[in-house]
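Below, each chain spelled out in residue letters.
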Amino acid sequence: MNMRIRIIGGFFGLFAGLALLYNFQAITREEDRLQEVRLRALAFQEGRLYADRLESVLSQNLTYAEFFKVLIQENPDMPLEDLGSYASYVLGQKQGIASISMAPGGVVTTIFPLKGNEAAIGHDLLQDPERAQYAREAMERRIPVSQGPVEALQGGLRIFNRSAIYLGNGTEERFWGFSVIMMDFETLLKEADLIPERDGFLFSLKGQPKEGGEDFTWGREEIFKDEALLLEVELPDKYWTLGILPEEGWEPQGNVLLRFPLVYYLLLAAIVTLAYHAAVRYQLRSLEASRDPLTGALNKRSFEALVKSRLKAGKKSKGLLLLDLNDFKQINDTYGHPAGDQVLRETAAGIRRALRKKDLLCRFGGDEFAVFLEEAEGRDSLEAVLRRIKEEAGTPCQLEGALVPAFLSGGGALYPEDGENLETLLEVADQAMYQDKAGKCRKSS
């Protein structure tokens, strides 16, 4: 072969390599753009889920200030015992409400419950510089006005919702005072199942009165400086802003390589393998974004795909747990399916509290959950996690004023001791779970 052929062959080889590199970079940039679009869509879905939960809990609780306002307007001389009965009912139904108080003329004279709230008795809302502007706004606008979360006189971060009460009408109308609902901020967040970090996302919450001016900030407030996705949480007189941002930011991992084009010359021989792994990574991320809408846990399909992938990643000991709610059908039959859904949500939240961030939670079936432990140091470690889950998720749920027990049966399997594939591990964990369930049945009999 003469030199000319070699030169031409080298030229076309170089041209083909450069063309392949250019096309690969173009495809990669487009894939990254689409991946960012999908990541933003997933962030919106996750953020909207928690914003709606928060808005629902707030709206339900805040309406009770208007409820007590109407009670006083209908009967200004209502006996304290009757007012206390209404308050006891509301406090028993809404865990986020810490207290209910009445402030004739703006001075707090009555609080339910009184225990723990004695410091607020005699407090003049219209003379307190930190509260007067909110109280007067409620008087002027004739709507419930919220404040907080702020530090309460009796301690703790609280949210106050005040309704001004007027008696009579027309020229004979006179100001009676305020009805005040006080909510515990931490309990409110717990009811909405909102925490600063979850499932690869960072969350933050800030208050923003409609006339402007920041009110408070909770969570990872730095994300508001990093192009966080913002969603509104509506209150009667203002709104809060919920921010959500992926832990790694919006740009997909891998873009750093594009800043060093010479690296691609070393990777041209492996371009097909890299494309394959990029596709696998893309599929896994899409699957990981697919969740059970009721509990927020992974669905069965995405869980299985993620577990199989992680089992192939190495021989390090891992664990699999299967969990089943005992007598769940009886709960549905007794209290109805909405109550059963609430039990499932609270059970999932309890299981999640017992796990580490890198562990996976899946709603595996109707009342069945599966857990994948990224690291399990042995049988004792597996049993310890199972006990912790039962403690966190096995507490009674309050449904329609009654405490409903939510007991879990569970069993586990270790990788690779009990099996080297997901199917085998599921069989072992399933047998262990039913042995646990059978043991409970023998004890109860």
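Let me begin by describing the structure that accompanies this report. (Residues numbered from 1 in each chain as written. Predicted model: local features only at pLDDT ≥ 70, side-chain atom pairs only at ≥ 80, totals over all residues. Heavy atoms only, no water.)

1. Some points on the overall build of the chain
- Assigned secondary structure in the chain consists of eleven helices and 16 strands.
- For the chain, the proportion of contacts with a sequence separation of at least 24, taken over those separated by at least 6, is 60%.
- For the chain, the accessible surface area stands at approximately 23200 Å², while carbon and sulfur atoms represent 54% of it. (Helix = DSSP H or I, 4+ residues; strand = E, 2+ residues; numbered from the N terminus. Contact = heavy atoms within 4.5 Å. Areas by Shrake-Rupley, 256 points an atom, 1.4 Å probe, with all protein chains shown as cover.)

2. So, the pairing of strand 12 (residues 360-363)
- Here strand 12 pairs with strand 13 (residues 368-373) via four bridges, running antiparallel. For Leu360, the partnering residue across the bridge sits in strand 13 and is Phe372.
- Counting the residues in the hairpin turn of strand 12 and strand 13 gives four residues. (Pairing = 2+ DSSP bridges.)

3. A few points about the packing of helix 8 (residues 328-335) against helix 9 (residues 337-353)
- Taken N-terminus to C-terminus, the directions of helix 8 and helix 9 make an angle of 140°; their axes are 7 Å apart at the nearest point. Here helix 8 lies oblique to helix 9, going by the angle between them. Two secondary-structure elements touch here, helix 8 through Phe328, Ile331, Asn332 and Tyr335 and helix 9 through His337, Ala339, Gly340, Val343 and Leu344. (Axes fitted to C-alpha atoms, helices over the stretch in contact; angles between N-to-C directions. Parallel < 35°, antiparallel > 145°, perpendicular 65-115°, else oblique.)

4. Notes on the nonpolar core
- Counting residues in hydrophobic clusters, the biggest one holds 49 residues, and the most contacted among them are Leu54, Leu58, Phe68, Phe185, Leu205 and Trp240.
- If one sorts the elements of this core by residue count, helix 1 (residues 3-74) sits on top with 13 residues.
- Non-local contacts of Leu54, meaning those with residues more than four positions away in its chain, are made with Leu188, Leu189, Ala192, Leu194, Leu205, Val233 and Trp240.
- In terms of nonpolar packing, the next biggest core, distinct from the first, is built from 28 residues, Leu344, Phe369, Ala376 and Ala393 among them. (Core = buried A, V, L, I, M, F, W, Y, C linked by side-chain atoms within 4.5 Å. Buried < 20%, exposed > 50% of the residue type's maximum accessible area, 1.4 Å probe, protein only.)

5. Section: empty space enclosed by the protein
- All chains considered together, the criterion is met by one cavity of 30 Å³ or more.
- As a volume, the largest cavity reaches approximately 160 Å³.
- Lining the largest cavity are 14 residues, and of these Ser101, Val108, Ala120, His123 and Phe160 lie nearest its centre.
- Of all the elements in the fold, those that place two or more residues in the lining of the largest cavity are strand 1 (97-104), strand 4 (157-167) and strand 5 (174-184).
- Residues of the lining of the largest cavity, tallied by class, amount to eight nonpolar, four polar and two charged. (1 Å grid on protein atoms, 1.4 Å probe; cavity = no way out; pocket = protein on both sides within 12 Å on 5 of 7 lines; lining within 4 Å. Points joined across faces, edges and corners; volume = space filled by probe spheres on them. Nonpolar A, V, L, I, M, F, W, Y, C, P; charged D, E, K, R; others polar.)

6. A short note on the side chain of Arg131
- Checked against the element boundaries, Arg131 lands in the loop between strand 2 (110-112) and helix 3 (132-141).
- For Arg131, a relative accessible area of 5% gives the class buried.
- Within polar-contact distance, the side chain of Arg131 engages the backbone oxygen of Glu151 at 3.2 Å. (Polar contact = N/O pair within 3.5 Å; in protein donor to acceptor, adjacent residues only side chain to side chain.)

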